[in-house]
Amino acid sequence: TTINQKKEGTGNRNSPTQLVIPNIKNVRDLPPICLDVRQKQRISIDTLPQELKAPIPPEPSLPIRTKTVKDFQDDIEKSKSSGDWKAVHDFYSTTFDSFLEINAAFKKDTNSPFNTIEDSGIDAKFVNVVYDALLNTPQDVQKSVLKGIINGLLQEWKGPRTKDDLRAYCILLQNPQFSNTSTYVIYAHLLRQIAALTEADHHFLVHWSKKISQRRFKQVVDRLLQFISLRLFPAKPEEFPPMMKCTWWIPSATKVLALFNAANSLISPPIISYMDFYNSTLDHIDLMEEYHNWQCYGNSHRFSFCQYPFIISIAAKKVIIQRDSEQQMISIARQSLVDKVSRRQKPDMNMLFLNVKVRRTHLVSDSLDELARKRADLKKKLKVTFVGEAGLDMGGLTKEWFLLLIRQIFHPDYGMFTYHKDSRCHWFSSFKCDNYSEFRLVGALMGLAVYNSITLDIRFPPCCYKKLLSPPIVPCDHNTLVGICDVTLDDLFQIMPELAHGLNELLSYEGNVEEDFYSTFQVFQEEFGVIKSYNLKPNGDKIPVTNQNRKEYVQLYVDFLLNKSIYKQFAAFYYGFHSVCASYALLLLRPEEVEILVCGSPELDMSALQRSTQYEGYQKTDLTIRYFWDVVLGFSLDLQKKLLHFATGSDRVPVGGMADLNFKISKSETSTNWLPVAHTCFNQLCLPPYKNKKELKQKLIIGISNAEGFGLE
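These lines cover the structure that appears in this document, whether it is placed above or below. Numbers given to residues run from 1 along each chain, matching the order in which its sequence is written. Only residues with pLDDT of 70 or above have their local features reported here, since the model is predicted, and side-chain atom pairs are shown and tallied only from 80 upward, although totals for entire chains, interfaces and linings are computed over all residues. With hydrogens and water stripped out, all remaining heavy atoms of the structure feed into the side-chain values.

**A few points about the packing of helix α13 (residues 363-373) against helix α15 (residues 437-451)**
Note the cut-off: To obtain an axis, a line is fitted to C-alpha atoms, over the contacting stretch when the element is a helix, and the angle between two such axes runs from 0 to 180 degrees between their N-to-C directions. Secondary structure elements follow DSSP: runs of H or I of four or more residues count as helices, runs of E of two or more count as strands, with numbering from the N terminus. Orientation labels follow simple angle bins: below 35 degrees gives roughly parallel, above 145 gives roughly antiparallel, 65 to 115 gives roughly perpendicular, and whatever is left gives oblique. Only heavy atoms matter for contacts: two residues are in contact if any of them lie within 4.5 Å across the pair. For this classification, Asp, Glu, Lys and Arg are treated as charged, while Ala, Val, Leu, Ile, Met, Phe, Trp, Tyr, Cys and Pro are nonpolar and the rest, including Gly, are polar.
With their axes 10 Å apart at the nearest point, α13 and α15 run at an angle of 75 degrees to one another. It follows that α13 is roughly perpendicular to α15 by the angle criterion. For the pair α13 and α15, the contacting residues are V364, S367, L368 and L371 in the first and S437, E438, L441, A444 and L448 in the second. Among the residues making up the contact of α13 with α15, the classes are represented as six nonpolar, two polar and one charged.

**Here we look at the packing of helix α18 (residues 497-508) against helix α20 (residues 550-562)**
The description of two helices packed together rests on the angle between their axes and the distance between the axes. The condition that has to hold: Each crossing gets its hand from how the near helix is turned against the far one by less than a right angle, where anticlockwise is left-handed and clockwise is right-handed.
Contact geometry for α18 and α20: axes closest at 9 Å, N-to-C directions at 165 degrees. On the basis of the axis angle, α18 is roughly antiparallel to α20. Along this stretch, α18 crosses α20, giving a crossing that reads as left-handed. Residues L499, L503, L506, L507 and S508 of α18 form the contact with α20, whose own contacting residues are R550, K551, Y553, V554, Y557, V558 and L561. Partitioning the contact of α18 with α20 into residue classes produces nine nonpolar, one polar and two charged.

**Let's talk about the sheet that holds strand β10 (residues 684-687)**
Whenever strands of a sheet pair, they do so through backbone hydrogen bonds, lying parallel or antiparallel. Condition: Pairing between two strands is assigned when DSSP locates at least 2 bridges connecting them.
Strand order in the open sheet made by the four strands is β7-β8-β10-β9, with mixed pairing throughout. Two strands bound the open sheet, and with one partner strand each, they are β7 (614-616) and β9 (677-679). Ignoring strand direction, the axes of neighbouring strands in this sheet form an average angle of 25 degrees. Pairing geometry for strand β8 (residues 664-667) and β10, over four bridges, is parallel. Bridge pairing links S666 to C686 in β10. Sitting on the sheet, helix α25 (residues 637-648) touches β9 and β10, and the angle it makes with β9 is about 60 degrees.

**Considerations on the pattern of salt bridges**
Short version of the rule: Only one rule defines a salt bridge in this text: a Lys or Arg side-chain nitrogen within 4 Å of an Asp or Glu carboxyl oxygen. The classification of residues rests on relative accessible area computed with a 1.4 Å probe and restricted to protein chains. Under 20% of the type maximum is buried, over 50% is exposed, and intermediate values are partly exposed.
Summed over the entire model, instances satisfying the criterion amount to 28 salt bridges. The closest approach of N and O atoms between K67 and D75, which form a salt bridge, is 2.6 Å. A relative accessible area of 14% places D75 in the buried class. For the salt bridge of K218 with D222, the shortest nitrogen-to-oxygen distance reads 3.0 Å. Of the two residues, K218 and D222 are both situated in helix α9 (residues 214-232); the distance of four residues between them amounts to about one turn of the helix. A residue is classified by how much of its surface remains accessible, and K218, at 29% relative accessible area, is partly exposed. What makes D222 partly exposed here is its relative accessible area of 32%. Through salt bridges that share partners, K107, D164 and R167 make up one connected network.

**Observations concerning the packing of aromatic side chains**
Our working rule: Put simply, two rings from Phe, Tyr or Trp (the six-membered ring, in Trp's case) pair if the centres are within 6.5 Å, and we call them stacked under 30 degrees between planes, edge-to-face over 60, tilted for the rest. We call a charge positioned above a ring when the Lys NZ or Arg CZ atom is no farther than 6 Å from the ring centre and deviates by at most 35 degrees from the ring normal.
One pass over the full model with this rule turns up 46 aromatic pairs. Here Y308 and F310 contribute two aromatic rings whose centre-to-centre distance is 6.3 Å and whose plane-to-plane angle is 85 degrees, an arrangement assigned as edge-to-face. Here Y308 matches F310 in class, with each residue buried. Site record: aromatic cluster; members linked through ring pairs are F410, F417, W427, F428, Y436, F439, F460, F570 and F573. The lysine or arginine in question, K383, covers the ring of F353, its NZ or CZ lying 4.8 Å from the ring centre.

Written out as structure tokens, the structure reads:
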């Protein structure tokens, strides 16, 4: 196989020009990727069993290359000043001509094997300097790099890859030239080879990738996302081969992206946000077809983005969940209709809904009875009626029911949940009781909220949502434990920071733990005025906590607080949630995403709210409205959250953004001495026509800062 290479005249070396890739039409196809490039549902590459660890093939001897970072930088400066790029051209063309040469140039020590996951042996500083300079070199220098990469990719592979090969792949993935669509054919073949590596080789790449700097790591991720987007929706289709001839492009890129996602999840805190892996382009494809393909074929040879849920945005996942919910609602409603007709009974429109009738004076007990009695209807569209009140539920009554019920259940006097002021969140009360059905009700409420696209004003810690997906699908065997997950001191910090700080002090204490703390593997809890003791392990009251076993003590203590002491409460909560939301779509969600679906996002964009606000009695150009937005956009974040809470019942934003709030400002014909009034059930703010900005600001701040409780007409 040959690559047509035209010799460049020395005049071409004078200045950087637009990148033109080598003629690649005569490049033969690279060895095909293995048919299954899919990962398991939740890829977690951390430790591999011994049988997966392939024998390490001998590393071939590397050429001797002595150029240092300083030498290279000097060459670049000389070339810029003289216009003679020969030395730089020779360096790039030699370095990227083969995988051996890449290692010779960038391996920290050519005599050391560097065959462990802890150290890749790559001189990251040298790699960064070489790549940073590359895009500012003349065209023929850049072409020589791409020609060399092609030569490396065309090498005939015999036997397993060496660690030097993996190092070369790791270095080539960081090449900034692959941001240019004209290099995508070469980039695709590089991704194809990496995707086809063994699981043991992927294990090394994952651990090596997590050592890449945050900026470079994000650049690689962004390049992969851009590659997928432009293959799906090319700006210039003629730039790429026909889709039928390169169906492996997107699966290969997605699998390589999965390796970086796995690397990101191994670090705490992660290198970049999990949201940085979202590809918003996927919001515009047929997501339900992707979802149904995944449901039908699972993780088999048929590719679906749902096999890699980290790449699907929360907005796209919400669409999948909503449509899946709607299909379930329609299916169940249709079955109810068929059953009614088959029994020759007159159909009733109410049978198509989950109709909840409650008395305001018995809100919790009535709601509990209604949901328990109508379990078969939980997946129907929700309609709420307050007994003795005339009103058609167009969404407002449903939201009011959620608001009132949540507020009552989470009140400290009710005893189901404990509010922790330091972390500003609720946690399950560990008090034992005879009946945990009310916890099931709260779980069902959360499920109904997700199912019916209602945002709840609930403050659970992230750990709660992790437990809620443990496992994401309800097990068939009812003896299987649910809601139990691995918990750490970080999880406890998010609920009880003071206690977690104390346990952390114990772990770092330099004195004699046994003599100074005089603790055993036993914890004490107060229940209804009575102090009760619990052993963290058999005979824990007789086992002292020492310097040697304090880590075990802390882990057992955290596990007791967050798992064992509240198991029955959380299990009821888990089953309640899944009685409504049971769906394979939950497999697509991270715990953080479940929280956003239930409670909304904490990210506020008041300018977006201004753009989407509707008006009744006002025009957006009216002086009062202009005063209002001048004041609100100048508010601190805390006051903006208070305004949102005052008007909608929650200070968080739905998944679809501010536009999904359907926020409305209505003109109140009352005196300007009155404060603004809100109808949270309709996300409506009633604003008197204040005469000036100062008065409006004063009245608005008083209103939103003293808005606890409901004034129901």
